[in-house]
Amino acid sequence: MALTSAQGVLALLDEPETEIKVHAIKKLDKMVDNFWAEIANAIGKIESLYDDEKFQSRDVAALVASKVFYHLEELDDALRYALCAGNAFNLTVKNDYVDTLLAKCIDEYIRVRSAGFAAKLKGGEDAKVEPMDQRLESIVDKIFGKCFAHGQFEQALGIAVESHRLDRVEESIKLSGDKPRMLSYCLKLCKTTVNNRRYRNLLLRSMVKLYQGLANPDYLNMCQCLLFLNDHDSVADALDTLINGDESQAVMAYQVAFDLNENQNQPFLLRVRKKLTGEESNSAKEADASTGENDMEVEKSASAVEKPSGEGGKGPEYEERLAKLKDILSGKTPTDLYLHFLYIHSKTDLLILKSIKDKLKPRNTVTHIATIMSHAIMNSGTTIDTFLRDNLQWLAKATNWSKFTATASIGVIHRGHYKESLKLLQPYLPSGNSNSNSPYQEGGALYALGLIHACDGGEQASFLQESIKSKNEIIQHGASLGLGLTAMATGDTAIFEELYEIIVSDNAVSGEAASIAAGLVMLGTGYEEGIENLIGYAHDTKHEKIIRGIAMAVGLIEYGREEAADPTIEELASDTDAILRFGAMNTIALAYVGTGNNKAVRKLLHVAVSDVSDDVRRAATTALGFVLCNDPKKVPTIVSLLAEGFNPHVRYGAALAVGIACAGSGMKEALDLLESLLDDSEEFVRQAAFIATAMVLIQHNKSKEPRVATFRNKIDEALLSKGDTMAKFGAIISAGILDAGGRNMTISLLSHHGHKKMTAIAGMAVFLQFWYWHPLIHFLCLSFAPITAV
């Protein structure tokens with residue numbers, strides 16, 4: 001007959017004879033799953049039996065206590081007693097209790113190991129850390145053994161990565177029997193789950209050694225790891241080895257170079273080129289030392305790969321291969337290929353632009369210049385400007401800053417057309433005379449020159465440096481933006497100082513552009529002296545435009561530095577000036593871009609609902625799109641409540657956050673959220689919704705996503721509505737984004753290897769400042785990527 005109560009067995013615990021208590025506790029162990037509620041009332045007695053060192057079944061008492069606490073959902077206490085149970089806690093039993101406790105064991109082990117690693121990072125090897133319970137470690141070691149025995153190598157690798165066990169990482173990969181697949185999985189974990197930069201670099205360094213140990217080294221993935229490590233020496237050695245080999249190895253070198261170029265880390269590529277040709281300068285090494293990617297001390301490999309014997313000659317064939325390799329790494333070959341592709345395959349529909357032009361009032365300068373910018377986006381990189389040539393009289397209506405923006409749009413259309421840039425812009429560039437007849441046109445041409453040569457290592461830097469010496473603030477404005485673009489991420493302190501002189505001249509127009517340009521030049525370098533000087537001057541000047549430019553510049557300088565940027569973020573976030581707090585949000589966005597860092601996300605969400613400034617709250621919400629761009633599926637869920645909030649600035653930020661993170665995905669959840677914002681009561685929220693929806697739907701047609709046709713109809717409705725200038729502006733720009741690059745470009749902040757694309761992210765960040773200054777919309781072209789593969 002089945003038992004209906006545990007009271008009789010529990011009564012035996014009060015008996016004086018030890019043998020009876022042993023019998024009772026063993027009986028309770030078998031019935032605890034059914035009668036845990038009754039047994040819980042006697043938990044004190046069970047705990048006292050475990051505490052009695054003379055009691056011979058202490059392990060069973062601990063196990064019963066653990067099971068009771070498990071059913072009470074007190075998992076910490078359940079784990080504590082399970083560890084005390086020793087061998088009585090049988091890991092091989094298959095039930096919910098064991099599975100839950102094992103998961104809790106792993107979580108606790110990861111927590112203690114991670115906390116210890118973080119403490120040693122902060123306080124050194126002598127730092128005080130929480131001691132590891134050896135019983136816990138023993139259980140985790142048994143779990144590893146169980147995984148290896150059952151062929152669950154991916155599970156073992158995941159536990160090893162999260163618990164900072166590099167020895168177990170290597171063991172999991174080596175024992176798997178399929179090293180390439182496991183290494184690819186480990187690389188994916190590095191990008192998605194590892195937040196600490198120093199640990200990530202240690203893990204990547206271990207992976208490089210394993211890649212080197214393969215029978216046929218995987219140079220593509222190995223060099224991607226080395227790029228994460230900012231180890232240009234090893235990449236150069238690997239490429240040199242490949243071009244010294246046979247034809248197939250040389251082709252592999254070219255493919256590695258194309259993949260590296262796609263990641264848009266120009267300073268890194270420049271150092272690789274210099275290393276290959278023996279031109280590496282001291283300045284490059286200093287720049288390397290100052291970059292955020294190199295903050296941690298990670299042991300470097302002596303050489304990426306060993307050179308095959310008999311292949312070390314430097315004959316004509318080697319020199320020819322080296323020349324091709326340098327052209328690829330410099331971006332010359334990829335750019336020429338992309339230009340040809342975009343020109344040949346352009347599918348821009350000029351009737352769309354004609355329809356927009358005809359529906360708008362001719363005297364509205366905002367919609368007029370929006371149409372010109374939309375045309376530039378539609379034809380970005382195609383070198384096709386037929387529409388403007390056919391409508392010169394209409395184009396001539398642009399005056400003052402509209403003329404500046406219209407002239408600069410030439411740079412978007414001809415982006416990457418390095419050879420003909422000066423010839424194209426010659427009619428508009430400053431002539432050299434001290435007096436300028438058309439400063440807006442000349443300033444716009446200098447800005448266009450920078451857009452054409454964006455991030456090309458400063459090819460036109462000397463010409464633009466001469467131009468910023470002009471006494472005209474408008475020409476200085478255009479020249480500063482152009483100089484920042486062409487010298488982007490070079491870390492050139494001389495150019496930074498020239499721009500800083502313009503900033504401290506306290507002219508609002510030129511100072512704002514010079515501030516942004518200074519940030520672009522020092523992109524990702526973490527230049528501490530520059531940051532200190534910029535923040536100091538932001539407190540001294542009264543010009544909001546300059547302060548806002550500085551706030552943007554600081555974020556750009558801290559790009560990709562993650563935890564290393566925290567002191568700057570805290571300084572800006574605690575400032576009484578709302579514009580500098582706005583800068584703190586931009587700094588979080590750029591420092592933690594594509595990391596999905598939980599701490600950064602929590603900080604942004606807190607500010608998005610608590611700051612007294614609408615600008616700061618809007619920036620915080622928008623920044624979520626940058627931080628989570630590596631995991632876009634999370635963004636619509638995270639910002640959904642913000643998108644329904646009462647504050648229109650937060651709704652605006654939520655729309656753009658979805659657009660940034662989900663660009664080109666056509667994600668249903670993103671479109672559902674944006675659909676409601678397209679009918680928002682506030683004009684500027686509808687503007688953001690138009691732009692964000694176009695970002696999500698870029699490279700989608702009505703066959704692939706039926707909502708494309710609906711969205712195009714929505715754009716037409718907005719253009720025909722009375723008033724609503726801001727919403728019309730967003731609708732016109734969104735029409736350009738939908739057909740970007742002749743319908744052959746998408747928005748891409750990450751490469752297909754998962755690397756952050758420096759130029760694209762910087763371009764997107766500056767583009768979003770069009771809220772304050774419309775000419776910055778041209779920066780969006782930096783985020784475009786052709787849909788062709790090389």
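See the structure shown above.
Criteria and cut-off values
- Residues numbered from 1 in each chain as written.
- Predicted model: local features only at pLDDT ≥ 70, side-chain atom pairs only at ≥ 80, totals over all residues.
- Heavy atoms only, no water.
- Helix = DSSP H or I, 4+ residues; strand = E, 2+ residues; numbered from the N terminus.
- Rg over C-alpha atoms; globule rule 2.2 N^0.38 Å.
- Buried < 20%, exposed > 50% of the residue type's maximum accessible area, 1.4 Å probe, protein only.
- Areas by Shrake-Rupley, 256 points an atom, 1.4 Å probe, with all protein chains shown as cover.
- Lys, Arg positive; Asp, Glu negative; His and termini not counted.
- Charge placed at Lys NZ, Arg CZ, Asp CG, Glu CD.
- Phe/Tyr/Trp six-rings, centres within 6.5 Å; stacked < 30°, edge-to-face > 60°.
- Contact = heavy atoms within 4.5 Å.
- Expected span 1.5 Å × (residues − 1).
- Arc of directions from axis to C-beta.
- Polar contact = N/O pair within 3.5 Å; in protein donor to acceptor, adjacent residues only side chain to side chain.
- Core = buried A, V, L, I, M, F, W, Y, C linked by side-chain atoms within 4.5 Å.
- Axes fitted to C-alpha atoms, helices over the stretch in contact; angles between N-to-C directions.
- Parallel < 35°, antiparallel > 145°, perpendicular 65-115°, else oblique.
- Left-handed = near helix turned anticlockwise from the far one by under 90°.
- Salt bridge = Lys/Arg side-chain N within 4 Å of Asp/Glu carboxyl O.
- Disulfide = S-S within 2.5 Å.
- Patch = residues over 30% accessible without salt bridge, like charges linked within 9 Å, V, L, I, M, F, W, Y side chains within 5 Å.

Trainee: When you look at the overall build of the protein chain in this model, what are you seeing that I'm missing?
Mentor: Helix and strand counts for the protein chain stand at 43 helices and 2 strands. The C-alpha atoms of the protein chain give a radius of gyration of 31 Å, which matches the 28 Å a tight globule of 790 residues would have. Over its C-alpha atoms, taken along the principal directions, the protein chain stretches across nearly 110 × 75 × 55 Å. When each of the 790 residues of the protein chain is scored for burial, the buried share is 57%. As presented, the protein chain carries roughly 32700 Å² of accessible surface, and 50% of it is formed by carbon and sulfur atoms. The centroid of the 82 positive side-chain charges in the protein chain is displaced by 4 Å from the centroid of its 102 negative side-chain charges.

Trainee: Please clarify how the packing of aromatic side chains should be interpreted in this entry.
Mentor: Each aromatic ring pair is characterised by the separation of its centres together with the angle its planes make. All told, the structure shown has 22 aromatic pairs when counted by the stated rule. Between the aromatic rings of Trp401 and Phe404, the centroid separation amounts to 5.0 Å while the plane-to-plane angle is 70 degrees, which identifies the pairing as edge-to-face. Of this pair, Trp401 and Phe404 are both found in helix H23 (residues 401-413), 3 residues apart, which corresponds to roughly one turn of the helix. The exposure class of Phe404 is buried, given its relative accessible area of 0%.

Trainee: What should I look at first to understand the side chain of His778 in this one?
Mentor: Following the sequence through the fold, His778 ends up in the loop between helix H43 (758-767) and strand E2 (784-786). Assessed through its relative accessible area of 3%, His778 is described here as buried. For His778, the residues in contact, after removing those within four places along its chain, are Met373, Thr405, Ala408, Ser409, Val412, Tyr447 and Leu451.

Trainee: Help me out: how do you make sense of helix H34 (residues 598-610) in this one?
Mentor: Think of an α-helix as 3.6 residues a turn; residues three or four steps apart then line up on the same face. Over its 13 residues, H34 extends 18 Å from the first C-alpha to the last, a length consistent with the 18 Å expected when each residue adds 1.5 Å. If you check which residues of H34 are buried, you get Ala600, Val601, Leu604, Val607 and Ala608. Buried residues along H34 cover an arc of 135 degrees about the axis, so they all sit on one side. Structural note: H34 exposes Arg602, His606 and Val609 on the side pointing more than 90 degrees away from its buried face. Contacts from the buried residues of H34 go to helix H33 (578-591), helix H35 (614-627) and helix H37 (648-661). The N-capping residue of H34, defined by a side-chain oxygen 3.0 Å from the backbone nitrogen of Lys599, is Asn597.

Trainee: Explain the nonpolar core to me, please; I cannot follow it from the model alone.
Mentor: Looking at soluble globular proteins, one finds that nonpolar side chains tend to be buried together. If you look at the biggest cluster of nonpolar residues, it comprises 172 residues, and the most contacted ones within it are Phe767 and Phe779. With 11 residues, helix H39 (residues 683-697) is the largest single contributor of residues to this core. Apart from the residues lying within four places of it in its own chain, the contact partners of Phe779 are Tyr447, Leu481, Leu485, Leu520, Gly763, Val766 and Phe767. If you look at the next biggest cluster of nonpolar residues, it comprises 108 residues, including Val22, Val68, Ile243 and Phe268.

Trainee: Is there a simple way to think about the packing of H34 against H35 in this case?
Mentor: Describing two packed helices takes the angle between their axes plus the distance from one axis to the other. Running from N to C, H34 and H35 cross one another at 155 degrees; their axes reach a closest spacing of 7 Å. In terms of orientation, H34 and H35 fall into the roughly antiparallel class. In the crossing of H34 with H35, the sense of the turn from one axis to the other is left-handed. Side by side, H34 and H35 meet where Ala600, Val601, Leu604, Leu605, Val607, Ala608, Val609 and Ser610 of the first sit next to Val616, Arg617, Ala620, Thr621, Ala623, Leu624 and Val627 of the second.

Trainee: Hey, could you run me through the pattern of salt bridges in this one?
Mentor: Once the charged atoms of two side chains with opposite charge are near each other, the side chains can pair. Summed over all chains, the structure comprises 44 salt bridges. Ionic pairing is found between Asp336 and Lys332, a salt bridge with its closest N-O pair at 3.7 Å. One end of the pair, Asp336, and the other, Lys332, are both in helix H18 (residues 332-344), 4 residues apart, so they sit about a helical turn from each other. A relative accessible area of 36% places Lys332 in the partly exposed class. A single salt-bridge network, built from bridges that share partners, covers Glu137, Asp141, Arg165, Asp167, Arg168 and Glu171.

Trainee: Please explain the state of the cysteines as it appears in this structure.
Mentor: Taken as a whole and judged by the stated rule, the model has 0 disulfides. The thiol of Cys186 is unpaired, and the distance to the nearest cysteine sulfur, on Cys190, comes to 4.9 Å. For Cys186, a relative accessible area of 0% corresponds to the buried category. In this model Cys225 remains outside any disulfide bridge; the closest cysteine sulfur is found in Cys190, 7.0 Å from its own. Look at Cys225 and you get buried, because its relative accessible area is 0%.

Trainee: Can you walk me through a negative patch on the surface in this structure?
Mentor: A contiguous patch of negative charge, built from Glu497, Glu501, Glu528, Glu529, Glu532 and Glu571, is present on the exposed surface. Within the residue set of the negative patch, elements represented by two or more residues are helix H28 (493-504) and helix H30 (528-540). In terms of residues, the negative patch owes the most to one element, H30, which gives 3 residues. Its place among the elements puts Glu497 in helix H28.

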